[in-house]
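Topology and contacts: notes
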Amino acid sequence: MYQVVFVDDEAFVLEDLKRAIDWFGFNMEIALSSTDPSEVLDYMREHPVHLILTDISMPQMMGTELIREARKLNPSVSILVLSAYDTFDYVRSAMRGGAENYLLKPLDPDELSESISTIVRHLEDRNKISRNFGPSMLTFRSSFVESWCKGSLSEDELIARASMLGVNLQLDNYTVVLFSVADEYSDKMPLLFDTVLSAFVGTYICHFYFESPSQFICILSSPESFNIFRFQNEAERLRPLVDFPFFVSAGTTEDNYADVCSSYHAVKKFLLLRYSPITFLNCRYLLFPLHRQQVIEQNFQETEEEAYLADIRKILEPLAPERRISLHLAVINWGISQVEGFLSAEKLPPLFSGYQGDDTDTDRILAGIRCLFRSVREIPNTREVPQGAAQQYVRMIMDEVHNFSNKDVSLKTLAARLNMHPSYLGSIFHQQTGYYFNDYLNEERLKYAARLMENSNIRLKDIADMTGFSSQTYFNRQFKKRFNASPNAYRRELKLKGRDSL
């Protein structure tokens, strides 16, 4: 039977709860009834608890604090909040803490029964998953977290799966963080994962999945507001605990579960900086307004060197010193992204040679960008392009992706042409570029769509078709995820801003 705990500072409320409904009929047993929240927490340390019914306002401990502490002891425990106060702040605090519902006193037995019935269904769903999948439960959770990050679930699917897994979607902060090591240390990733887990579970609400043998992603939420500087200090304190270097990249902090994919895309956008001397990256500082981003992300092969440097200077000079460093990194990341398919991982670090850490001098930054610009332009024309089948496959895939009119391009069709298994071709592509094929396909199509919007008045419906998207609805959704603006809003901003606004 499911174990239920009641806590309220008024004893008569506890007695009313016992008699309010037929608990046994819901397959529930009242394990503890107490006026002291501390007693509940002590009980939870020794016994399984599936559901807590708690008052929101108690003299010994507020219900919100009890919820927070109970979640640390058992992240999947269900919580139902009771209160005599119909106050928005109380309701919001309880729901963000992870409460399943908020009921007003005096209790209506029908409302209580309806809430308990919903909670029981959730508990049964979790048990069914556990029985059916057993050890695969961790894989199921990892798959959910990955889908959440990548925005591949509909809102209804996301809510349903989160409910099954006991994942709280009512928190007010979500930050995607990537931990990465060089391939030579990939066998030590379990040690890094265990170290991170030990340090952060209890301090943060954490959800993890491994993106590759050398990278794992986590979604972190703080019971209070997420402080990036505190988190950076906490991450730095982990370094003496392991005997190998690792890279940490924190995405944007979002206040809604539906925007987690924006934080994830920020991390992925600057993933190439893991090859730089930097060990901790705050991606938020590398994101610039759309009109400036358009200047940064010009194709080096199609742009005149002096014109590009002049554009970058216009952005650099008015910036605060620390933002100049961020702009320099954003340009380096963009430049290297244009040639990563031509170079193996060990040949990427030299492209960071123009980056001088905390140097904020405009002329020296521009000199470094000039060196990068020239290197990037020369790489495709030299014989230093890695030879071998893997690089040829990558080049072929990239060429096909850039044939944007081909809506049928996929790993399956490309693999068939090469007489290979799609999953094997996909693994080669990911190993060589750091991208999953579908992520790269969408990224390139969306960047091409953005260029078309900037340089033409083509209808959005036609742009969606020209860039290879199967429908305008899907195009609109993917575009908004990538650029944090709908296609219409993006085009309006381009018209309003323009180059003259720099």
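Quick note: structure is the one above.
So, empty space enclosed by the protein
One simple way to see leftover space: roll a probe sized like a water molecule over the atoms. According to the stated counting rule, one finds 1 cavity of 30 Å³ or more in the structure shown. Roughly 30 Å³ of internal volume is contained in the largest cavity. Around the largest cavity sit H328, G354, Q356, D359, R364 and I365, which together line it. Among the residues forming the lining of the largest cavity, the class breakdown is 1 nonpolar, 3 polar and 2 charged.

What to know about the nonpolar core
Grouped together as the largest cluster of nonpolar side chains are 61 residues, with contacts concentrated most on F144, W148, I296, Y308, I312 and L327. When residues of this core are assigned to their parent elements, the largest contribution, 8 residues, is made by helix α13 (residues 321–337). Excluding its chain neighbours within four sequence positions, the residues that come into contact with I312 are V295, I296, L327, V331, L366 and I369. By size, the runner-up hydrophobic cluster in this structure holds 25 residues, among which are L192, C206, C218 and V248.

Thoughts on the packing of aromatic side chains
Taken as a whole and judged by the stated rule, the model has 29 aromatic pairs. Consider the rings of F200 and Y204, whose centres lie 5.5 Å apart with planes at 90°: the pair is edge-to-face. For the pair formed by F200 and Y204, the shared burial category is buried. By the ring-pair criterion, three or more aromatic residues cluster together here, those being F179, F193, F208, F210, F216 and F246.

Observations regarding the pairing of strand β8 (residues 215–221)
With 7 of its 7 residues buried, β8 lies for the most part within the structure. A two-sided burial pattern is seen for β8, the buried positions comprising Q215, I217, I219 and S221 on one face and F216, C218 and L220 on the other. Both strand β7 (residues 205–212) and β8 contribute to a ladder of 7 bridges, which runs antiparallel. The residue of β8 that forms the bridge with C206 is L220. Counted between consecutive antiparallel strands, the loop separating β7 from β8 contains 2 residues.

A closer look at the sheet that holds strand β4 (residues 78–83)
Judged by pairing direction, the sheet is parallel, and its 5 strands sit side by side in the order β2-β1-β3-β4-β5 without closing on themselves. Each edge of the open sheet carries a strand with a single partner, namely β2 (28–34) and β5 (101–104). Neighbour-to-neighbour, the strand axes of this sheet turn through a mean angle of 20°, independent of strand direction. Of the pairings in the sheet, the one linking strand β1 (residues 2–7) to β2 comprises 6 bridges and is parallel in character. Paired with V4 across the bridge in β2 is I30.

Quick word on the pattern of salt bridges
Oppositely charged side chains may form a pair once their charged atoms are brought near each other. Applying the stated criterion across every chain yields a total of 20 salt bridges. Among the ionic pairs, K105 bridges to D8, the shortest N-O distance being 2.6 Å. Highlighted residues: K105 in the loop between β5 and α5 (109–133) and D8 in the loop between β1 and α1 (11–20), separated in sequence by 97 residues. Where E15 meets K18, a salt bridge forms, and the shortest distance between an N and an O atom there is 3.3 Å. Placement of the pair is E15 and K18 together in helix α1, with a separation of 3 residues, close to one helical turn. Judged by its relative accessible area of 36%, E15 is partly exposed. Sharing partners across several salt bridges, the network here consists of E305, E306, R370 and R374.

Observations concerning the packing of helix α12 (residues 305–316) against helix α14 (residues 362–378)
Viewed as axis vectors pointing N to C, α12 and α14 meet at an angle of 145°, and their least axial separation amounts to 10 Å. In the packing of α12 onto α14, the handedness of the crossing is right-handed. Contacts from E305, E306, Y308, L309, I312, R313 and L316 of α12 reach α14 at T362, D363, I365, L366, I369, R370, F373, R374 and R377.

Looking at the sheet that holds strand β6 (residues 174–180)
Strand order in the open sheet formed by 5 strands is β7-β8-β6-β9-β10, with mixed pairing between adjacent strands. A strand with exactly one partner marks an edge of an open sheet, and here the two such strands are β7 and β10 (280–282). On average, adjacent strands in this sheet sit at an angle of 20° to one another, irrespective of strand direction. Docked against the sheet, helix α9 (residues 228–236) engages β6, β8, β9 (247–254) and β10, running at close to 165° with respect to β10. Packed on one face of the sheet, helix α10 (residues 260–269) meets β6, β7, β8 and β9 and runs near 145° to β9.

Side note on the side chain of S326
In this structure, S326 sits in helix α13. Not counting residues within four places of it along the chain, the set of residues in contact with S326 comprises Y285, L286 and F288.

Rules and cut-offs
- Residues numbered from 1 in each chain as written.
- Predicted model: local features only at pLDDT ≥ 70, side-chain atom pairs only at ≥ 80, totals over all residues.
- Heavy atoms only, no water.
- 1 Å grid on protein atoms, 1.4 Å probe; cavity = no way out; pocket = protein on both sides within 12 Å on 5 of 7 lines; lining within 4 Å.
- Points joined across faces, edges and corners; volume = space filled by probe spheres on them.
- Nonpolar A, V, L, I, M, F, W, Y, C, P; charged D, E, K, R; others polar.
- Core = buried A, V, L, I, M, F, W, Y, C linked by side-chain atoms within 4.5 Å.
- Buried < 20%, exposed > 50% of the residue type's maximum accessible area, 1.4 Å probe, protein only.
- Helix = DSSP H or I, 4+ residues; strand = E, 2+ residues; numbered from the N terminus.
- Contact = heavy atoms within 4.5 Å.
- Phe/Tyr/Trp six-rings, centres within 6.5 Å; stacked < 30°, edge-to-face > 60°.
- Pairing = 2+ DSSP bridges.
- Axes fitted to C-alpha atoms, helices over the stretch in contact; angles between N-to-C directions.
- Salt bridge = Lys/Arg side-chain N within 4 Å of Asp/Glu carboxyl O.
- Left-handed = near helix turned anticlockwise from the far one by under 90°.

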